[in-house]
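Chain by chain, the residues run as shown.
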Amino acid sequence: MSELRYIANDIPDEQLDQTALASLFPHQEAKGKSHVEAEPSPISNSYVAGVDPLNELQESSVRMALNLPLAAVTGPPGTGKSAVVRNIMLNMALRNRSVLFASKNHRALDAVELPLNKLSDNGPLVVRSARQDWTARQPLHKILQELLNRPFADDSSEFEGQLGRLASALEARELNRADLEVIIKQKDERENVVDKKEQVKTRIPMMWRSDLAGQKIQALIGSRSEKELRSLFAVGLSSGLKKWLFRFFASAKYKKADALCSSISEAFNNPDKSIWDACRRWSEYVQYERELADIDQQLKTLPDRNELNEAGRECRSQVGTYLTKCIDQLARGALVINDEERRGLSALRSALQTFGQTRLNSAFLEQSASIQKLFPLWASTSQSMKST
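Conventions we followed
Per chain, residues are indexed from 1 in the order of the written sequence. Local features in this predicted model are restricted to residues of pLDDT 70 or higher, and side-chain atom pairs are both shown and tallied only at a pLDDT of 80 or more, whereas totals for entire chains, interfaces and linings draw on every residue. Only heavy atoms go into the side-chain values, all of them from the structure, while hydrogens and water stay out. Each helix is a run of DSSP H or I of at least 4 residues and each strand a run of E of at least 2, with the numbering of both proceeding from the N terminus. A simple rule labels every residue: compare its accessible area, found with a 1.4 Å probe on the protein chains alone, to the largest value its type can have, and call it buried under 20%, exposed over 50%, or partly exposed in between. Contact between two residues is taken to exist if any of their heavy atoms lie within 4.5 Å; hydrogens are not considered. Methods summary: accessible areas were calculated by the Shrake-Rupley approach with a probe of 1.4 Å, and residue burial reflects only the protein chains presented. Throughout, an axis means a line fitted to C-alpha atoms (over the contacting stretch in the case of helices), and angles, computed between N-to-C directions, take values from 0 to 180 degrees. Oblique is the label for any angle not covered by the other classes, which are roughly parallel (under 35 degrees), roughly antiparallel (over 145) and roughly perpendicular (65 to 115).

Caption draft 1: Layout of the overall build of the protein chain. On a plain count of helices and strands, the protein chain comes out with 17 helices and three strands. The buried share among the 388 residues of the protein chain stands at 39%. Sequence-distant contacts in the protein chain: of pairs separated by 6 or more residues, those separated by 24 or more amount to 74%. Counting only carbon and sulfur atoms, one obtains 51% of the accessible surface of the protein chain, whose full area is about 22800 Å².

In structure tokens:
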């Protein structure tokens, strides 16, 4: 709570409006606004490029973070929250957006920063401004000096090309997933109908369960549904006052029901009452057979599942290849800055070399947008952020 009060009371609204915290700390003038819009990316926010094997819930969490101003992901230890954070950070960077990952403990930072920085040999993806090991600690102005001494790219066309190819591979992967989901859904539906069909057959009275009896019954009842047969049998087998009422007030239906019941009785030589239940069950059975035929016909029009699985493996391989290339480009500083930003960062470099920590605060704020553009991923402890 003390940190939230510090942000709400001590940081100017204008400065908060330039960050993702704008959705948490809105004010009247900025109502409805969010953080500064990033440059458009060829990668849709519906697609997740994963550097970890993500399950459905984890991928959904990453997608939620990409599309909403505020997202909360919870879970007990070992459920993959760190993997979700790693993928959120990387997917944000691929979309020209900067990320600050903050935690109260260094173990959480290690679980996110170390795996991400092992993804490329071209340099660290994540800038970490605080470490538990005091021998490895560096003040922020030293970290900035090292970052600014790295060469900046003059042309981002190669990176943009890799992003475009990654976006195409992700789109192909999603289309492949959608086709597979249709097949899986149809297969599941088919299995469900088969189970229902077998259950219905077990409820057919034993003396009428043979295929020969079933064929004879089907020829008599035609395509009538179980519900329709139930209604007709209720009329045709009625007696006493009910029979008189049906004959007087529903003569057409009574004649139809009486004719059906008579034909069944004659065909099976006045069978016992179980025949009527058998007729209704065989009607259900035939209905499920028709549903199976329709599903099988639909499955014939769909792509072969083995071919889709093979295409899916190829799509995932392409996503992995292009993602690795994009990560290498990001680690090399592929995001290009303009001449004005370059001059500002050169001035910042000179100021840090000359004045060190004393010049840090004002110089860093002046060039923070350019620094975030070149180095979009940061990790720090909450205490280190506050002191900085």
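Caption draft 2: Region of interest: the packing of helix α8 (residues 211–221) against helix α12 (residues 274–301). The interhelical angle for the contact between α8 and α12, taken along N-to-C directions, is 85 degrees, at an axis separation of 10 Å. When the interaxial angle is binned, α8 and α12 end up roughly perpendicular. Contacts between α8 and α12 involve D211, G214, I217, Q218 and I221 from the first element and I275, A278, C279, W282, S283 and V286 from the second.

Caption draft 3: Structural view of unusual backbone geometry. The phi torsion at N96 lies on the positive side, around 60 degrees, for a residue other than glycine. Note that N96 resides in the loop between α4 (81–94) and β1 (99–103). A positive phi angle is found at N270, which is not glycine, with a value near 50 degrees. Inspection of the secondary structure puts N270 in the loop between α11 (251–267) and α12.

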